[in-house]
Amino acid sequence: MAYRNGTYVAFDGNGTTNPTQGDLKYYGLLRSWNKLSKYQLDFSDSHLKTYQVKDSSSKQTLQKRLLERMKNSKNMLLIISDDTNFDRGLLNFEIEKAVDYYKIPLIIAYTGYNAIWGVDNELENKWPKALKERIINGSAKCIHIPFKEKAIMCAISQFSVHSTGDDILTGSKHCYTKETYINWGYTN
């Protein structure tokens, strides 16, 4: 069995390889936070642990590489934006495999929010098909957070396949408390 210590980052590529467009820009920002010393975020990116794939790679090759990365991952950070598509590309494949096969807890980070108090229709309307199905049937173990450095850092370090006690996600609609957001400085 593989040693599962990486964080698998998933997002909708929005059909572009341009790092300034679509949700790819959020992955780039996340990598910057992880690399630059002025930020506290520190995680092991599963995408940097296996062979890279080329834009010309077949879908089968790409899926194989993604599964290799997922196999070594302790959690999945799923970036959701207003541009995330319901049923396009590989994002639904990634969610399906993470939840159904690898039993990876999902850290769902929504762009454009300072705090996530609860899961409501506004958030539900942003979910890709595979996520929506797994939240409704309760098979996905999730925490919903804003796409903010401190929230991401805390969730990545707290929730994983290795979690014990209170750090085990037992449902699909967990959120941090208002006190936590106040401590992070995201709200009053």
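Note that the coordinates shown come from a computational prediction; the quantities given were computed from them, not determined experimentally.

Student: Quick question: what am I supposed to make of the overall build of the protein here?
Tutor: Of regular secondary structure, the protein possesses seven helices and five strands. Secondary structure elements of the protein occur, N-terminal to C-terminal, as β-α-α-β-α-β-α-α-β-α-β-α. Put simply, the protein has 188 residues, and 46% of those count as buried. In the protein, once contacts between residues fewer than 6 apart in sequence are set aside, the share between residues at least 24 apart is 76%.

Student: What is the right way to read the sheet that holds strand β1 (residues 6–10) from this model?
Tutor: Neighbouring strands of a sheet are bound in pairs by backbone hydrogen bonds; such pairs are parallel or else antiparallel. Sheet architecture is open: five strands sit in the order β1-β2-β3-β4-β5, paired in parallel fashion. Only two strands of the sheet have a single partner each, and these edge strands are β1 and β5 (174–175). Pairing analysis gives two bridges linking strand β4 (residues 142–146) to β5, with the strands arranged parallel. Considered in β5, the bridge of His-144 is made with Cys-175. Contacts from helix α2 (residues 59–71) reach β1 and β2 (73–80) within the one sheet, and its direction differs from that of β2 by about 120°.

Student: Mind showing me how you'd approach the packing of aromatic side chains here?
Tutor: Aromatic ring pairs: the centre-centre distance and the angle between the two ring planes describe each pair. For the coordinates displayed, the defined rule picks out 10 aromatic pairs. Between Tyr-26 and Phe-147 the ring centres are 5.6 Å apart and the planes differ by 70°, which places this aromatic pair in the edge-to-face class. Of this pair, Tyr-26 sits in helix α1 (residues 24–35) while Phe-147 is found in the loop between β4 and α6 (149–158), placing the two residues 121 residues apart along the sequence. The interplanar angle of 40° and the centroid separation of 6.3 Å between the aromatic rings of Phe-159 and Tyr-176 together place this pair among those described as tilted. A residue pair is termed long-range when its members are at least 10 positions apart, and Phe-159 in the loop between α6 and β5 and Tyr-176 in the loop between β5 and α7 (178–184) qualify at 17 residues. With a relative accessible area of 5%, Phe-159 lands in the buried category. Each member of the aromatic cluster is reached from another via a ring pair, and the members are Trp-117, Phe-159, Tyr-176, Tyr-181, Trp-184 and Tyr-186.

Student: Can you help me understand the pairing of strand β3 (residues 106–110) in this one?
Tutor: Put simply, side chains in a regular strand alternate between the two faces of the sheet. Within β3, five of the five residues are buried, which leaves the element mostly enclosed by the surrounding structure. Burial along β3 is two-sided: Leu-106, Ile-108 and Tyr-110 and Ile-107 and Ala-109, pointing in opposite directions, are all buried. In this sheet, β3 lies alongside β2 in parallel orientation, the contact comprising five bridges. Directly across from Leu-77, in β3, lies its bridge partner Ile-107. In terms of handedness, the path from β2 via helix α3 (residues 91–101) over to β3 forms a crossover that is right-handed. Examined bridge by bridge, β3 and β4 share five bridges and lie parallel to one another. Its bridge partner being in β4, Ile-108 is matched across the sheet by His-144.

Student: So what exactly am I meant to see when it comes to the nonpolar core here?
Tutor: For soluble globular proteins, the rule of thumb is that nonpolar side chains tend to be buried together. Counting 52 residues, the largest nonpolar core has Leu-106, Ile-108, Leu-131, Ile-145 and Ile-152 as its most contacted members. The residues contacting Leu-106, other than those within four sequence positions of it, are Met-76, Ala-98, Val-99, Leu-131, Ala-140, Lys-141, Cys-142, Ile-143 and Leu-169.

Student: I tried to follow α2 on my own but got confused; where do I start?
Tutor: Given 3.6 residues per turn, any residue in an α-helix points the same way as the ones three and four places further on. In a regular helix each residue adds 1.5 Å, so 13 residues correspond to 18 Å; α2 covers 18 Å between its end C-alpha atoms and thus fits that length. For α2, every residue scored as buried is listed here: Arg-65, Leu-66, Arg-69 and Met-70. One face of α2 carries all of its buried residues, which in axial projection span an arc of 140°. Opposite its buried face, α2 presents the exposed residues Gln-60 and Lys-64, each directed more than 90 degrees away. Here the buried face of α2 lies against β1, β2 and α3.

Student: Just checking my understanding: could you explain the side chain of Asn-92 for this structure?
Tutor: Relative to the helices and strands, Asn-92 resides in helix α3. Since its relative accessible area comes to 10%, Asn-92 is described here as buried.

Reading the values: rules and limits
Residues numbered from 1 in each chain as written. Predicted model: local features only at pLDDT ≥ 70, side-chain atom pairs only at ≥ 80, totals over all residues. Heavy atoms only, no water. Helix = DSSP H or I, 4+ residues; strand = E, 2+ residues; numbered from the N terminus. Buried < 20%, exposed > 50% of the residue type's maximum accessible area, 1.4 Å probe, protein only. Contact = heavy atoms within 4.5 Å. Pairing = 2+ DSSP bridges. Axes fitted to C-alpha atoms, helices over the stretch in contact; angles between N-to-C directions. Phe/Tyr/Trp six-rings, centres within 6.5 Å; stacked < 30°, edge-to-face > 60°. Right-handed = clockwise from strand over helix to strand, strands pointing away. Core = buried A, V, L, I, M, F, W, Y, C linked by side-chain atoms within 4.5 Å. Expected span 1.5 Å × (residues − 1). Arc of directions from axis to C-beta.

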